[in-house]
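Single-letter residue listing:
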Amino acid sequence: MTITIDTSRFKNLAVEEHDGGVWVVTLNRPTKRNALNADTVEEMVEFFATAPRAGVRAVVLAGSGDHFCAGLDLVEHHREDRSPAEFMHLCLRWHEAFNKMEYGGVPVIAALHGAVVGGGLELASSAHIRVIDQTAYFALPEGQRGLFTGGGATIRVTDLVGKARMIDMMLTGRVYQGQEAVDLGLAQYIVEGSSFDAAMEIARKAAENLPLSNFAICSAVSHMQNMSAMDAAYAESVVAGVVNTQPDARARLAAFADKSAARVRPND
Ligand code: 1HE
């Protein structure tokens, strides 16, 4: 059965297919600085749950307007006056969406600009690659708002920057930006121009890999981080057994063997 993505179903996201199996998913509530309301999270669950089975080869995740994402929709949260159980269930939907991103097997490249804060940073940290422009800045203002992270920052942001910096960011609202943010691991690329254009270029390149290789890269690595070293080594062998014998790889191996494939060379 062919699975298709009906782009008209998305209201809070703009979802577009580009050439080469690259899809662009844009948070599309610029007047609310792309704050994540419950409906946006549901749309992300739907897209990222479907993408791996719909032939999506790479995703660029972007935000419309001047900011990537202002995090949890604080106005909705205030209005809804949620119970502890209601908010727990909402957080579980965030995890559903973000886990689908991180473990789904489709490369997700986040094109970041402006505020990448609170839940916006939780979202960005679920992508496999983060690209920032000169306007992008990262912060976790939850502490100042009387809140706590609920969308995976304790896991993913701590993985990126380490425990001490994570706690400092939460206690003080410290902002990181520019080259310092790259040096800390919050982003892998910084560009002078458009982070979207750079993210598209990365996505196109990643989309040229065989889907099964990308599936392993964008799923197995994360799973293996959750395992003991012993179990991870075992799982890696099993994954490599499947991926490294895939029939689609034979042409690429043949090209290496007959010397027609590009060699790995140092940067100019
Ligand atoms: C919002 C939100 C939001 C803006 N929820 N509506 N996140 C934060 O603490 C970040 C809160 N937002 C900000 O600090 C600023 O809005 C920004 C730096 C992102 C942008 O500033 P600016 O001057 O461009 O915009 P603004 O005037 O503050 O806001 C413009 C509109 O966006 C305004 O709505 P309007 O209807 O009055 O025009 C704002 O209310 C709206 N807006 N941010 C709702 N976050 C699973 S737990 C996760 C925990 C968290 O993420 S805590 C949230 C952290």
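Above this note sits the structure.
Residues numbered from 1 in each chain as written. Predicted model: local features only at pLDDT ≥ 70, side-chain atom pairs only at ≥ 80, totals over all residues. Heavy atoms only, no water.

## Section: the nonpolar core
Of all hydrophobic cores here, the largest spans 50 residues; its most connected members are M44, F47, F68 and F138. If sequence neighbours within four positions are ignored, M44 has contacts with L13, L27, L36, A49, A97, F98 and L123. Counting residues in hydrophobic clusters, the runner-up holds 15 residues, among them A58, I109, V191 and I202. (Core = buried A, V, L, I, M, F, W, Y, C linked by side-chain atoms within 4.5 Å. Buried < 20%, exposed > 50% of the residue type's maximum accessible area, 1.4 Å probe, protein only. Contact = heavy atoms within 4.5 Å.)

## With respect to the sheet that holds strand β8 (residues 176-177)
The strand order across the open sheet formed by 3 strands is β5-β7-β8, and the pairing between neighbours is mixed. On the outer flanks of this sheet lie β5 (115-117) and β8, each paired with one strand and no other. One ladder, built from 2 bridges, connects strand β7 (residues 137-139) with β8; its direction is antiparallel. If you follow Y137 over to β8, its bridge partner there is Q177. (Pairing = 2+ DSSP bridges. Helix = DSSP H or I, 4+ residues; strand = E, 2+ residues; numbered from the N terminus.)

## Considerations on unusual backbone geometry
Trans is the common state for peptide bonds, and a negative phi is the common state for residues other than glycine. In this model, D81 sits at a positive phi of 45°, which is unusual for a non-glycine residue. Relative to the helices and strands, D81 resides in the loop between α2 (74-80) and α3 (84-103). In the Ramachandran plot, K259 falls in the positive-phi region, its phi being about 70° despite a non-glycine side chain. Along the chain, K259 falls in the segment after α12 (250-257).

## Regarding a nonpolar patch on the surface
Residues L212, F215 and V242 make up a contiguous nonpolar surface patch of roughly 250 Å² in combined accessible area. If you trace the backbone, V242 turns up in helix α11 (residues 229-243). (Patch = residues over 30% accessible without salt bridge, like charges linked within 9 Å, V, L, I, M, F, W, Y side chains within 5 Å. Areas by Shrake-Rupley, 256 points an atom, 1.4 Å probe, with all protein chains shown as cover. Salt bridge = Lys/Arg side-chain N within 4 Å of Asp/Glu carboxyl O.)

## So, the pairing of strand β1 (residues 13-17)
Across 5 bridges, the pairing between β1 and strand β2 (residues 22-27) is antiparallel. If you follow L13 over to β2, its bridge partner there is L27. Hairpin connection, β1 to β2: the antiparallel pair is bridged by 4 residues, and G20 has positive phi, about 70°.

## With respect to the site of the ligand
Residues in contact with the ligand amount to 24 residues; listed here are only the nearest, K32, A70, L72, G119 and R145. T31 places a main-chain nitrogen or oxygen 3.2 Å from an oxygen atom of the ligand. Between the ligand and R33, the relevant distance is 2.8 Å, taken from an oxygen atom to a side-chain nitrogen or oxygen of the residue. For the ligand, the accessible surface in isolation is 1000 Å², of which the surrounding protein chains cover 69%. Elements represented by at least two residues in the shell around the ligand include exactly α2, β5, α4 (119-124) and α5 (142-145). A per-class count over the shell around the ligand returns 11 nonpolar, 7 polar and 6 charged. (Near = heavy atom within 4 Å. Polar contact = N/O pair within 3.5 Å; in protein donor to acceptor, adjacent residues only side chain to side chain. Nonpolar A, V, L, I, M, F, W, Y, C, P; charged D, E, K, R; others polar.)

## A few points about empty space enclosed by the protein
Going through the model one piece at a time under the given rule, you end up with 1 cavity of 30 Å³ or more. The wall of the largest cavity is formed by F48, A51, P52, V59, K100, M101, G104, G105, V106 and V108. Of the residues in the lining of the largest cavity, the class split is 7 nonpolar, 2 polar and 1 charged. (1 Å grid on protein atoms, 1.4 Å probe; cavity = no way out; pocket = protein on both sides within 12 Å on 5 of 7 lines; lining within 4 Å. Points joined across faces, edges and corners; volume = space filled by probe spheres on them.)

Treat this as a map of the structure, not an account of what it does.
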